[in-house]
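Architecture and fold: a report
Below are the chains, spelled out letter by letter.
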Amino acid sequence: MRNNWFSRHPIGFMAFYLLFYLTAFHWLETHITVPDIWVHCRLDDLIPFCKYAIVPYFAWFAWIPFTLFYLLWRAPRADFWRLCLPLFAGMTIALACYVVLPTGLMLRPYRIYGSDFFARAVRWLYATDTPLNVCPSIHVFNSVTLMMAYYRSSIFEEPRRRWMRPAAAVLCVSIVFSTVLLKQHSCIDVLLGILLAMALDTAMSALERSRQQETDRFTVQF
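The shown structure was predicted, so the numbers you read here are calculated from the model rather than taken from an experiment.

Calculation rules
- Residues numbered from 1 in each chain as written.
- Predicted model: local features only at pLDDT ≥ 70, side-chain atom pairs only at ≥ 80, totals over all residues.
- Heavy atoms only, no water.
- Helix = DSSP H or I, 4+ residues; strand = E, 2+ residues; numbered from the N terminus.
- Expected span 1.5 Å × (residues − 1).
- Buried < 20%, exposed > 50% of the residue type's maximum accessible area, 1.4 Å probe, protein only.
- Contact = heavy atoms within 4.5 Å.
- Phe/Tyr/Trp six-rings, centres within 6.5 Å; stacked < 30°, edge-to-face > 60°.
- Core = buried A, V, L, I, M, F, W, Y, C linked by side-chain atoms within 4.5 Å.
- Axes fitted to C-alpha atoms, helices over the stretch in contact; angles between N-to-C directions.
- Left-handed = near helix turned anticlockwise from the far one by under 90°.
- Nonpolar A, V, L, I, M, F, W, Y, C, P; charged D, E, K, R; others polar.
- Polar contact = N/O pair within 3.5 Å; in protein donor to acceptor, adjacent residues only side chain to side chain.

1. Observations concerning helix α4 (residues 54-74)
In this model, α4 (21 residues) spans 30 Å end to end at C-alpha, consistent with the 30 Å of a helix rising 1.5 Å per residue. For α4, the set of buried residues is Ile54, Pro56, Tyr57, Trp60, Trp63, Ile64, Thr67, Leu68, Tyr70, Leu71 and Leu72. Those residues of α4 hidden inside the fold are in contact with α2 (10-31), α5 (77-100), α6 (117-128), α7 (138-152) and α8 (164-181).

This is the structure:
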């Protein structure tokens, strides 16, 4: 990343993007209340509702900052930016998709029974998060992007950190499944979230190779 203010202040960069994301998402939630497309496929009807999936679903909110700060403090700075840039780019693309083609769901159960922690947590989620602006799933996109960062960074090859790779894979899969088990997303949202993560990761890898080739040519010439 070029030597600018953001590159020298990565925490400031993350704070700036968080402010942008929350502002944009709030605007979407308040201004786009009627979707153009109701997302649904036959597979959605075959997946049962599971209130216990709220645990990995909420774990997503802690996993993102944990991974970003862990890489920022423990890994080479390039590993941090290799995650940060496609992560934020994909979230921005998803927000743009919600504006261009507003989507919504009609998958949630009519009523959540029970007074236990899990039932109350699901009811709170449903009350605070509308079933709109869902495709592609940011939950899924972020989870896949985070998981790939664990397998890419060399710091997780060290014996004392090696366990974090399979742990990240398990957490990623759990979060992906939680989105459909809670009826927060359709399988279509999940698929497009995965494809977006893979597409941006491929694009970043191609950009890195291109820059490395330019550097090698410049070194050979001089």
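2. Points about the packing of aromatic side chains
Centre distance and the angle of the planes are the two values used to describe a pair of aromatic rings. Counted by the stated rule, this structure contains 18 aromatic pairs. Ring geometry for Phe58 versus Phe61: centroids 6.1 Å apart, planes at 55°, classification tilted. Here Phe61 and Phe58 lie together in helix α4, a separation of 3 residues that amounts to about one turn. A relative accessible area of 27% means that Phe58 is categorised as partly exposed. For Phe61, a relative accessible area of 46% puts it in the partly exposed group. One aromatic cluster is present, built from ring pairs that chain together Phe13, Tyr17, Phe20, Tyr21, Phe25, Phe80, Trp81 and Phe88.

3. Overview of the nonpolar core
By size, the foremost hydrophobic cluster in this structure holds 49 residues, and its most contacted members are Leu68 and Phe88. Counting only elements with at least two residues in this core, the list comes to α2, α4, α5, α7, α8 and α9 (187-221). If near-sequence neighbours (up to four positions away) are discounted, Phe88 is found in contact with Phe13, Met14, Tyr17 and Leu68. Counting residues in each nonpolar core, the second largest holds 10 residues, with Ala53, Ile54, Ala121 and Leu125 among its members.

4. So, the packing of α4 against α7
Orientation of α4 relative to α7, taken along the N-to-C sense of each, is 40°, at an axis distance of 10 Å. Every pair of crossing elements has a handedness; the one defined by α4 and α7 is left-handed. Contacts from Tyr57, Trp60, Phe61, Trp63, Ile64, Phe66, Thr67 and Leu71 of α4 reach α7 at Ile138, His139, Asn142, Ser143, Leu146, Met147, Ala149 and Tyr150. Of the residues assigned to the contact of α4 with α7, the class counts are 12 nonpolar, 4 polar and no charged.

5. Some words on unusual backbone geometry
A cis amide bond links Cys135 to the next residue, Pro136, at an omega of 5°. Residue placement: Pro136 occurs in the loop between α6 and α7. Residue Asn133 is not a glycine yet carries a positive backbone phi of 55°. Even without a glycine there, the phi angle at Lys183 is positive, about 65°. Position of Lys183 relative to the elements: it lies in the loop between α8 and α9.

6. Describing the side chain of Thr145
Within the secondary structure, Thr145 is located in helix α7. Leave out the neighbours within four places in its chain, and Thr145 touches Leu83, Leu87 and Ala197.

7. So, the side chain of Thr103
Along the chain, Thr103 turns up in strand β2 (residues 103-104). Judged by its relative accessible area of 4%, Thr103 is buried. From its side chain, Thr103 meets the backbone nitrogen of Val134 in a polar contact 3.3 Å long. Among the polar contacts made by the side chain of Thr103, one reaches the main-chain amide nitrogen of Cys135 at a distance of 3.2 Å. Non-local contacts of Thr103, meaning those with residues more than four positions away in its chain, are made with Pro35, Ile37, Val39, Pro131, Leu132, Asn133, Val134 and Cys135.

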